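This is what each chain is made of:
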Amino acid sequence: MGQITLIATAAMGVESIVADEVRALGYDCQVENGKVTFVADERAICRANLWLRTADRVKIKVGEFSATTFDELFEQTKALPWAQFLPIDAHFPVVGKSVKSKLFSVSDCQAIVKKAIVENLKQHYGVSWFEETGAQFRIEVALHKDIATLTIDTSGAGLHKRGYRVKQGEAPLKETLAAALVQLTNWTPDRPFVDPFCGSGTIAIEAALIGQNIAPGFNRDFVSEQWHWISARLWDEAREEAEDLARYDQPLHIVGFDIDHRMVDIAKTNAQEAGLADLITFKQMQVKDFRPKDEYGVIVGNPPYSERLGEKEEVEQLYREMGKTFAALDTWSIYILTSHRQFEQLYGKQATKRRKLFNGFIETQYYQFWGPRPPRSYDKLSH
């Protein structure tokens, strides 16, 4: 196959973290809004899908060009090397989106791209009809300011679907965002890690995966595993690499607690499904009752935001209680995600740093309160 251009898509605000993950796999990359682009061979499709914790999907970039008329879109799509990727029996649905472009009818763009690909494959394979009974190659035509980008999705279900979330609460945090929250902290696996609003356990579970260097995709399948031109051997090798790099003997001290005992039960079930139940302690507790014995721990919390009417007073009281409780933890680093504009005033302290992130469609700030660095001699797990 040779070199392929790949795009790891990302939520706004986490592109630089995705880029760090791509570089950690050994690939140079370019960072743009919502995506990280890199050039590699087909082995990278396996490795990127298995390892990228904070990306939404991994896509193949088939081509990119300017298109302001349907004729231009048709002819330039038809000129791309589709047979390099699509076999004669490929099932290739086309999806689309258009932003600030003259070609604004997404359904028309999808139909034209589909027709152009069919014409291309007709010439290549010498047939006039395609049954589409084989593996899936989901194609996207994305138009932005009259530039059309054509991609093929290699992931299938979004990469946030790790396979461990059996149950969830009302407003679950995406696994990819949870991993980003952990990676934006100064936490290392030898320090205590606490999520005081654990919900279905996502942040604590992602921390355990990071702490033991377990590939987030280890427990799931990817649509590109069915593709004829990526050999099963490459997938086997990528999974063996993930197994070899995992540090299953790394001890961890991870605690998640929640005021709702039903959420604690759900978190325990999800941790069990992830194979991490023995690494994380989940319990029912209120924030104001938190009194850790350890020093130099890290707290990552995604508390309620008061997005609903009637919750505002309750949530603001919770933020005040958090501020009082956490004020005693002067050696800890504390990270809180919320959309509440007055969080710092209610909490009673100004953050060391803030970072804008999107929790779904909700614009939030990630408030970071940095504690001191632990001394070199500090070994929490021997305490």
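Residues numbered from 1 in each chain as written. Predicted model: local features only at pLDDT ≥ 70, side-chain atom pairs only at ≥ 80, totals over all residues. Heavy atoms only, no water.

Draft legend 1. A look at the sheet that holds strand S14 (residues 362–369). An order of S10-S9-S8-S11-S12-S14-S13 is seen for the seven strands of this open sheet, with the pairing classed as mixed. Looking at which strands have only one partner, the edges of the open sheet turn out to be strand S10 (280–284) and strand S13 (353–359). On average, each strand axis in the sheet is inclined to that of its neighbour by 20°, with strand direction left out of account. Pairing geometry for strand S11 (residues 298–301) and strand S12 (residues 333–338), over four bridges, is parallel. Bridge pairing in S12 links Gly 301 to Ile 336. Sheet strands in contact with helix H5 (residues 175–183) are strand S8 (193–195), S11, S12, S13 and S14, and its direction is about 170° off that of S13. (Pairing = 2+ DSSP bridges. Helix = DSSP H or I, 4+ residues; strand = E, 2+ residues; numbered from the N terminus. Axes fitted to C-alpha atoms, helices over the stretch in contact; angles between N-to-C directions. Contact = heavy atoms within 4.5 Å.)

Draft legend 2. Inspection of the packing of H5 against helix H6 (residues 202–211) at higher detail. Viewed as axis vectors pointing N to C, H5 and H6 meet at an angle of 65°, and their least axial separation amounts to 9 Å. With respect to the hand of their crossing, H5 and H6 are arranged in right-handed fashion. In this structure, H5 uses Glu 175, Ala 178, Ala 179, Leu 181, Val 182 and Gln 183 to contact H6, whose residues at the interface are Thr 202, Ile 203, Glu 206, Ala 207 and Ile 210. (Left-handed = near helix turned anticlockwise from the far one by under 90°.)

Draft legend 3. Inspection of the pairing of strand S7 (residues 147–153) at higher detail. The buried fraction of S7 is high, at six of seven residues. One ladder, built from six bridges, connects strand S6 (residues 139–144) with S7; its direction is antiparallel. In the sheet register, Ala 142 faces S7, and the bridge partner there is Thr 149. In textbook terms, the turn of a hairpin is the stretch between consecutive antiparallel strands, and for S6 and S7 this stretch comprises two residues, one of which, Lys 145, has a positive phi near 50°. (Buried < 20%, exposed > 50% of the residue type's maximum accessible area, 1.4 Å probe, protein only.)

Draft legend 4. Unusual backbone geometry, seen in detail. Even without glycine at this site, Glu 132 takes up a positive phi of about 60°. Within the secondary structure, Glu 132 sits in the loop between helix H4 (106–125) and S6. The phi torsion at Asn 213 lies on the positive side, around 55°, for a residue other than glycine.

Draft legend 5. Expanded view of the packing of aromatic side chains. Here the structure, examined in full by the defined rule, presents 14 aromatic pairs. Here Trp 227 and Trp 229 contribute two aromatic rings whose centre-to-centre distance is 5.5 Å and whose plane-to-plane angle is 35°, an arrangement assigned as tilted. Across this residue pair, the class does not change: Trp 227 and Trp 229 are buried. Site record: aromatic cluster; members linked through ring pairs are Tyr 319, Phe 343, Tyr 347, Tyr 367 and Phe 369. Here the basic side chain of Lys 114 rests over the ring of Phe 92, its NZ or CZ set 3.8 Å away from the ring centre. (Phe/Tyr/Trp six-rings, centres within 6.5 Å; stacked < 30°, edge-to-face > 60°. Lys NZ or Arg CZ within 6 Å of the ring centre and 35° of its normal.)

Draft legend 6. View of the pattern of salt bridges. Under the defined criterion, the tally for this structure stands at 16 salt bridges. Here Glu 64 and Lys 61 are joined by a salt bridge, their closest N and O atoms 3.5 Å apart. With relative accessibility at 40%, the residue Glu 64 sits in the partly exposed group. Lys 61 gets classed as partly exposed once you look at its relative accessible area, which sits at 25%. With its nearest N and O atoms 3.2 Å apart, the salt bridge here joins Glu 225 to Arg 239. Here the residue Glu 225 occupies a position in the loop between H6 and helix H7 (232–245), and Arg 239 occupies one in helix H7, the gap between them amounting to 14 residues. Looking at Glu 225, the relative accessible area reads 24%, which means it is partly exposed. Among the charged side chains, a salt-bridge network with shared partners connects Arg 43, Arg 233 and Glu 237. (Salt bridge = Lys/Arg side-chain N within 4 Å of Asp/Glu carboxyl O.)

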